[in-house]
Amino acid sequence: MVIVRLLAALGVAEACRENDIAMSFLPIGPEDSVAELINLHQPDALICAGYLEAEILAELRKLALSVALVDLWAADFPCVNPDNFYGGFIATRHLLEQGCKRIAFLGHSQRHYSIRQRVEGYQQALFDAGLSLSEEYQVEAPPVKNIEQALVEGMDKLLALAQPPDAIFAYNDIAALVAMRVCARKGIRVPEDIAIVGFDDIDAAAWAHPALTTVAVDKRELGQDAFRLLLNEQGERNLLLPVRLVVRESSLSAEPHSQLRPTP
């Protein structure tokens, strides 16, 4: 039996079925005791996806079980991640190619490995373009239960700047959709007044109005690769999956600038 937390469950489920293995899906919070859950469910291995607090990782290190991490990196564990750095880079580079100069990052806690990597990719693209923006263009929503309200407040803060951003790179599609909703409420046109790009390519991205440009992640492959890591303990322990930019209406300008090239 394999216990999976949140992301990539579909890919793990398919791999388990192909190998005649039962899978349990179990959300884990910072106040949960991993040891108690293990004793209750008696799994043979664990695939843990998404952000895990340091206390939970410490408990996992004590287990006599195979463990693989998805959408997270931590020492001593095999991990599989989308190429978050490159995703942040190509999203920001795309906005630069559209002629945007004040590109803000709307994010969440950088304690999460994936978000931190996306920020670094965003910063690298700005650096390569010779742009230096003040820290006020980078907003981090606090780790609260009502994350959407925190993102609304972050977006309000960005739009209230003396020189508001002409583009937003949001840490995921939910944040990007929140940003679009705030703009609609304020009468700010997307993409004419502000371009917006997300990350993940959830189903709602294509159905948004305007449709959301985003960085696509193959979550099914993430789950399948995590399963393979469990079966191949002596092989590769840090897999990085490619991502791709899906360009839609939310980021397109009428006269895009010439293509920018990343620093070799």
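The structure displayed is predicted, hence computed values, not measured ones.

Before going further, it helps to spend a moment on the sheet that holds strand 7 (residues 138-140). Taken together, the six strands give an open sheet; going across it, the order is 7-6-8-9-10-12, and neighbouring strands pair in mixed fashion. The sheet is open, and its two borders are formed by strand 7 and strand 12 (244-246), each paired with just one other strand. Each strand of the sheet is rotated relative to its neighbour by a mean of 20 degrees, with strand direction disregarded. Bridge analysis of strand 6 (residues 103-107) against strand 8 (residues 167-170) gives four bridges, and the strand direction is parallel. Paired with F105 across the strands is F169, a residue of strand 8. Contacting strand 6, strand 7 and strand 8, helix 6 (residues 147-159) runs over the sheet at an angle of about 160 degrees to strand 6.

Per the counting criterion, the structure on display carries nine salt bridges. Note that D76 and R61 form a salt bridge whose closest N and O atoms lie 3.3 Å from each other. You can see D76 sitting in the loop between strand 4 (66-70) and strand 5 (79-82) and its partner R61 sitting in helix 3 (residues 54-61), a full 15 residues away along the chain. Given the relative accessible area of 59%, D76 is considered exposed.

The next point concerns the side chain of R118. Looking at the element boundaries, R118 is found in helix 5 (residues 113-128). Of the residues examined, R118 reaches a relative accessible area of 5% and is grouped as buried. Beyond its immediate stretch of four places on either side in the chain, R118 contacts D71, N84, G88, F169, Y171, N172, F199 and D200.

Quick look at the environment of W73 now. For W73, the location among the structural elements is in the loop between strand 4 and strand 5. Residue classification places W73 among the partly exposed positions, given a relative accessible area of 42%. Considering only alpha carbons, one finds W73 and Y51, 22 residues apart in sequence, at a separation of 9.3 Å. The residues touching W73, leaving out its near neighbours within four places in the chain, are C79, N81, Y113 and N238.

Attention now goes to the confidence of the model for the protein chain. Taken residue by residue, the protein chain gives an average pLDDT of 84. The fraction at 70 or more is 83%. The weakest mean pLDDT in the protein chain belongs to strand 1 (residues 2-4) at 42; the strongest belongs to strand 8 at 98. Counting contacts from residues 1-7, a segment whose pLDDT is below 50, to residues more than four positions away or on other chains yields 44 contacts. Per-residue pLDDT stays below 50 along residues 256-264; that stretch engages in 15 contacts with residues further than four places along the chain or on separate chains.

Right, let's get into the nonpolar core. As a rule of thumb, soluble globular proteins bury nonpolar side chains together. Among the nonpolar cores identified, the biggest contains 61 residues, and L106, M155, I168 and I196 are the most heavily contacted of them. Among the elements that make up this core, the one with the highest residue count is helix 7 (residues 173-186) (seven residues). Filtering out sequence-adjacent residues up to four positions away, I168 remains in contact with L95, A104, L106, M155, L158, I194, A195, I196 and V197. V34, L46, L72 and Y113 belong to the second largest nonpolar core, which has 15 residues in total.

Two elements in contact, helix 4 (residues 84-97) and helix 5, have axes whose closest approach is 7 Å; the angle formed by their N-to-C orientations is 40 degrees. Between helix 4 and helix 5, the interaxial angle falls into the category oblique. Where helix 4 crosses over helix 5, the handedness of that crossing is right-handed. Where helix 4 abuts helix 5, its residues N84, F85, G88, F89, T92, R93 and L96 lie against S114, Q117, R118, E120, G121, Y122, Q124, A125, L126 and D128. Classifying every residue of the contact of helix 4 with helix 5 by side-chain character gives six nonpolar, seven polar and four charged.

The next subject is unusual backbone geometry. Looking along the chain, the bond that leaves V190 and enters P191 is cis, with omega of 10 degrees. In this structure, P191 sits in the loop between helix 7 and strand 9 (195-200). Of the consecutive residues H209 and P210, the connecting peptide bond is found in the cis state with omega at -5 degrees. As for its placement among the helices and strands, P210 is situated in the loop between helix 8 (203-207) and strand 10 (213-216). For D76, which is not glycine, the phi torsion reads 80 degrees and is therefore positive. A positive phi angle, close to 125 degrees, is found at D200, a residue other than glycine. Mapped onto the elements, D200 comes out in strand 9. Here D200 falls in the buried class, since its relative accessible area comes to 15%.

The rules behind each value
- Residues numbered from 1 in each chain as written.
- Predicted model: local features only at pLDDT ≥ 70, side-chain atom pairs only at ≥ 80, totals over all residues.
- Heavy atoms only, no water.
- Pairing = 2+ DSSP bridges.
- Helix = DSSP H or I, 4+ residues; strand = E, 2+ residues; numbered from the N terminus.
- Axes fitted to C-alpha atoms, helices over the stretch in contact; angles between N-to-C directions.
- Contact = heavy atoms within 4.5 Å.
- Salt bridge = Lys/Arg side-chain N within 4 Å of Asp/Glu carboxyl O.
- Buried < 20%, exposed > 50% of the residue type's maximum accessible area, 1.4 Å probe, protein only.
- pLDDT = per-residue confidence, 0-100.
- Core = buried A, V, L, I, M, F, W, Y, C linked by side-chain atoms within 4.5 Å.
- Parallel < 35°, antiparallel > 145°, perpendicular 65-115°, else oblique.
- Left-handed = near helix turned anticlockwise from the far one by under 90°.
- Nonpolar A, V, L, I, M, F, W, Y, C, P; charged D, E, K, R; others polar.

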